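Chain by chain, the residues:
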Number of protein chains: 2
Amino acid sequence: MNATQPAAIRLWVVEDNATYQDALAFSFKTSGSIELTRQFFNAEDARAALRAGPPPDAILLDVQLPGLDGISAISLFKAAAPAVCIVILTVFEDHRKVFRALCAGASGYLLKTAPAERIAAAIADAVAGGAPMSPSVARAVLGRFVELAAPGRNTYDLSARERDVLELMTQGLVKKEIADRLTLSPHTVNSHLKNIYVKLHVGTRGAAVAKALKERLV
Amino acid sequence: MNATQPAAIRLWVVEDNATYQDALAFSFKTSGSIELTRQFFNAEDARAALRAGPPPDAILLDVQLPGLDGISAISLFKAAAPAVCIVILTVFEDHRKVFRALCAGASGYLLKTAPAERIAAAIADAVAGGAPMSPSVARAVLGRFVELAAPGRNTYDLSARERDVLELMTQGLVKKEIADRLTLSPHTVNSHLKNIYVKLHVGTRGAAVAKALKERLV
DNA sequence: CGGCGCATCACGCGTTTATGCGATTGAACG
DNA sequence: CGTTCAATCGCATAAACGCGTGATGCGCCG
């Protein structure tokens, strides 16, 4: 399909290595879908530019920078331009750094070992709502994710309906609201609550909510 | 570089839709780097084969299957062949399902909207140690990851004492118990509770506990 | 078929909570 | 030195809650 070409992605690059900057600029020139509108050699300048004028669609950001480091820069960039997609491009694969960058608001994390086409594709991916990462980075994130998100093994034999009720409890709803949300009588919700309390071995709403969230029952 | 061609990835596919199976088989035939060695139409047969013989390098697994569903199958596959890379390929984008699949041991998660080349690339990626995901899935995982890994920076200006009370609330204690634990009058606890509710913008104990735990305030 | 678990609904009682209205103290800050 | 604010305590009331004790219908399974 040769649809009308979509507007090119306006990209800024923040990278202190001039040679690498040039290489990137060259590869984007041939890519077509990405328009490299500005280049910076440190994060401060990029930040100032963000605050001064219209933001780009995406920023390709190195971590190792003179002065303000890349990871700290992420939050600042996001504060100045919340909608901008920040993709990290670095040689560092240190997991701590990776996680901090992502938590600070980065949309993607690439290693400089990635081929040029992959970098262009990743930027497009990030702007389109994805989260491009180099394979090893993705695997590390996934590993940590599983560690954090793995549901507790204790299911406490809650029925499906009881889980529904429990979930709404964790959203702070009161009995009547739960009843309305599930189209039930408040009496029925009462029954479910009682059963939940018995199964979770708790006696109060707060304890039930706490147990549910701590043990990831919902 | 035309190095000697690496050994093709031995792949099994578990997918109940015969037409889609054929389409996949065709696309892999043209890909070259992937050798589709076995095809199954349900998870039970695949599991039996895994237990019986040598495992493949990767398994492409649908979620919606007759009988044993794909997500439950992941753990079983992993138990039978820990080294195998499991890549989910499904139409479902339900986040709960995605997270459960990844926690169960899947290495990747693709939507069936992905183009054929992307699927082949993803399998190679997974075998090479990556974690291929469709953009929207990756973003959802990243979002949840940040939620879990990033301590909530919202402190809501809670005072030290209020945090004490909040923490005890998250342990399921009632007002009187909190008072005893902190050697306070129940009236004082009452005051703290009121202030906490105001600062957290909630109106009930359950909501306060939920917010505290979800946003890592304690 | 007959039990069993689940979901649904119902009532009542005593307790806890949420939320008004206060007050006094003491530390912090300009 | 006066103001501010957290921390402590007091009280009253209406609403929500916890908990016991029911009942009815439905589907499943041996």
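Located above this text is the structure these notes cover.
A short tour of the structure in this document, coming up. (Residues numbered from 1 in each chain as written. Chains lettered and ligands numbered in written order. Predicted model: local features only at pLDDT ≥ 70, side-chain atom pairs only at ≥ 80, totals over all residues. Heavy atoms only, no water.)

1. Overview of the environment of Leu 11 of chain A
Residues and elements named next belong to chain A. Note the following rule: By the criteria applied, helices consist of DSSP H or I runs no shorter than four residues and strands consist of E runs no shorter than two, each listed in order from the N terminus. Only protein chains enter the accessibility calculation, which uses a 1.4 Å probe; a residue whose area is less than 20% of its type maximum is buried, one above 50% is exposed, and one in between is partly exposed.
Structurally, the position occupied by Leu 11 is in strand S1 (residues 9-14). A relative accessible area of 0% means that Leu 11 is categorised as buried. Measuring from C-alpha to C-alpha, the distance between Leu 11 and Thr 37 comes to 5.8 Å, with 26 residues separating the pair along the chain.

2. Some details on the protein's contact with DNA strand D
Here is the rule: We call a residue near a given molecule or strand whenever any one of its heavy atoms falls within 4 Å of it. Distance and chemistry together define a polar contact, namely a pair of N or O atoms within 3.5 Å, with one atom able to donate a hydrogen and the other to accept it when in protein, and with adjacent residues in sequence counting only for side-chain atoms on both sides.
The immediate surroundings of DNA strand D are formed by 17 residues, with Lys 194 of chain A together with Ser 159, Ser 185, Thr 188 and Ser 191 of chain B found nearest. Counting only the atoms of DNA strand D within 4 Å of the protein, the fraction contributed by sugar and phosphate is 60%. Residue Ser 159 of chain B places a side-chain N or O atom 2.2 Å away from a phosphate oxygen belonging to DNA strand D. One of the side-chain nitrogen or oxygen atoms of Arg 161 of chain B is found 3.1 Å away from a phosphate oxygen of DNA strand D. At the level of secondary structure, the elements contributing two or more residues to the surface near DNA strand D comprise helix H9 (186-200) of chain A together with helix H7 (160-169) and helix H9 (186-200) of chain B.

3. A few points about the layout of surface pockets
Where empty space is left in the structure can be found by rolling a water-sized probe over the atoms. Selection rule: The definitions used throughout rest on a 1 Å grid laid over the protein atoms alone, on which a cavity is an enclosed set of points accommodating a 1.4 Å probe that cannot get out and a pocket is an open set flanked by protein within 12 Å on both sides along at least five of seven lines; lining residues are those having an atom within 4 Å of a point. Grid points are joined across faces, edges and corners, and a volume is the space filled by probe spheres set on the points. Here the nonpolar group is Ala, Val, Leu, Ile, Met, Phe, Trp, Tyr, Cys and Pro; Asp, Glu, Lys and Arg are the charged ones; every other residue, Gly included, is treated as polar.
Put simply, the largest pocket is a space of about 1,300 Å³. Residue lining of the largest pocket: 36 residues in total, with Arg 216, Leu 217 and Val 218 of chain A together with Arg 96 and Arg 144 of chain B positioned closest to the centre. Elements supplying a minimum of two residues to the lining of the largest pocket: helix H6 (135-149), helix H7 (160-169) and helix H10 (205-214) of chain A together with helix H3 (70-80), helix H4 (95-104), helix H6 (135-149) and helix H10 (205-214) of chain B. Tallying contributions element by element places H4 of chain B first for the lining of the largest pocket, with five residues. Residues that form the lining of the largest pocket fall into these classes: 17 nonpolar, six polar and 13 charged.

4. Let's talk about the packing of H9 of chain A against H10 of chain A
Residue and element names in this part refer to chain A. Here is the rule: Each axis is a line fitted through C-alpha atoms, taken for helices only over the stretch in contact, and angles between the N-to-C directions span 0 to 180 degrees. Throughout, the term roughly parallel applies to angles under 35 degrees, roughly antiparallel to angles over 145, roughly perpendicular to angles from 65 to 115, and oblique to all others. Crossing handedness: left-handed means the near helix sits turned counterclockwise from the far one by under a right angle, and right-handed means the same turn made clockwise. In this description, contact between two residues means that some pair of their heavy atoms is separated by no more than 4.5 Å.
Two elements in contact, H9 and H10, have axes whose closest approach is 10 Å; the angle formed by their N-to-C orientations is 60°. The pairing of H9 with H10 is recorded here as oblique in orientation. When the axes of H9 and H10 are compared, the crossing they make is left-handed. Touching Leu 193, Tyr 197 and Leu 200 of H9 are Arg 205, Ala 208 and Lys 211, all from H10.

5. Digging into the environment of Ser 191 of chain B
Mapped onto the elements of the fold, Ser 191 of chain B is located in helix H9. Here the alpha-carbon distance between Ser 191 of chain B and Ala 121 of chain B, two residues 70 residues apart in the chain, equals 60 Å.

6. Comments concerning the packing of H7 of chain A against H9 of chain A
All names here are of chain A. Look at H7 against H9: their axes get within 9 Å of each other, and the N-to-C directions meet at 90°. Looking at the two axes, H7 sits roughly perpendicular to H9. Contact residues: Arg 161, Glu 162, Val 165, Leu 166 and Met 169 in H7; Val 189, His 192, Leu 193, Asn 195, Ile 196, Tyr 197, Lys 199 and Leu 200 in H9. Residue composition of the contact of H7 with H9, by class: eight nonpolar, two polar and three charged.

7. Quick notes on the sheet that holds strand S5 (residues 108-111) of chain B
All names here are of chain B. Put simply, the rule is: When DSSP finds two or more bridges between a pair of strands, those strands are recorded as paired.
Pairing within the open sheet is parallel, and its five strands lie in the order S2-S1-S3-S4-S5. With one partner strand each, in any of the chains shown, strand S2 (34-40) and S5 form the two edges of the open sheet. Averaged over all adjacent pairs, the angle separating strand axes in this sheet is 25°, with direction ignored. Of the pairings in the sheet, the one linking strand S1 (residues 9-14) to S2 comprises six bridges and is parallel in character. Residue pairing in the sheet places Trp 12 in a bridge with Arg 38 of S2. This element, H3, spans S1, strand S3 (58-61) and strand S4 (85-90) of the sheet and lies at about 165° to S3.

8. A look at the packing of aromatic side chains
For clarity, the cut-off: Pairing of aromatic side chains here covers Phe, Tyr and the six-membered ring of Trp, requires ring centres within 6.5 Å, and sorts the geometry by plane angle: under 30 degrees stacked, over 60 edge-to-face, intermediate tilted. Both a distance and an angle decide whether a charge sits over a ring: NZ of Lys or CZ of Arg must be within 6 Å of the ring centre and within 35 degrees of the ring normal.
All chains considered together, the criterion is met by four aromatic pairs over all chains. Judged by centre distance (5.3 Å) and plane angle (55°), the rings of Trp 12 of chain B and Phe 40 of chain B are tilted. With Trp 12 of chain B in strand S1 and Phe 40 of chain B in strand S2, the pair connects residues that are 28 residues apart, well separated along the chain. Each member of the pair Trp 12 of chain B and Phe 40 of chain B is classed as buried. In this structure, Arg 38 of chain A is placed above the aromatic ring of Trp 12 of chain A, and the distance from its NZ or CZ to the ring centre is 5.6 Å. In this structure, Lys 97 of chain B is placed above the aromatic ring of Phe 92 of chain B, and the distance from its NZ or CZ to the ring centre is 4.7 Å.

9. Quick word on the pattern of salt bridges
Between side chains of opposite charge, pairing is possible as soon as their charged atoms come close. The criterion, for reference: Each salt bridge in this description consists of a side-chain nitrogen of Lys or Arg and a carboxyl oxygen of Asp or Glu lying within 4 Å of one another.
Applying the stated criterion across every chain, the model contains 15 salt bridges over all chains. The closest approach of N and O atoms between Lys 199 of chain A and Glu 162 of chain A, which form a salt bridge, is 2.8 Å. Placement of Lys 199 of chain A in helix H9 and of Glu 162 of chain A in helix H7 is noted, with a sequence separation of 37 residues between them. The buried category is assigned to Glu 162 of chain A, whose relative accessible area is 5%. A salt bridge links Asp 180 of chain B to Lys 176 of chain B, with the nearest nitrogen and oxygen atoms 3.0 Å apart. With a gap of four residues between them, Asp 180 of chain B and Lys 176 of chain B both fall in helix H8 (residues 175-182), about one helical turn apart. Among the charged side chains, a network of salt bridges with common partners joins Glu 15, Asp 62 and Lys 112 of chain A.

This is a description of form; function is not addressed.
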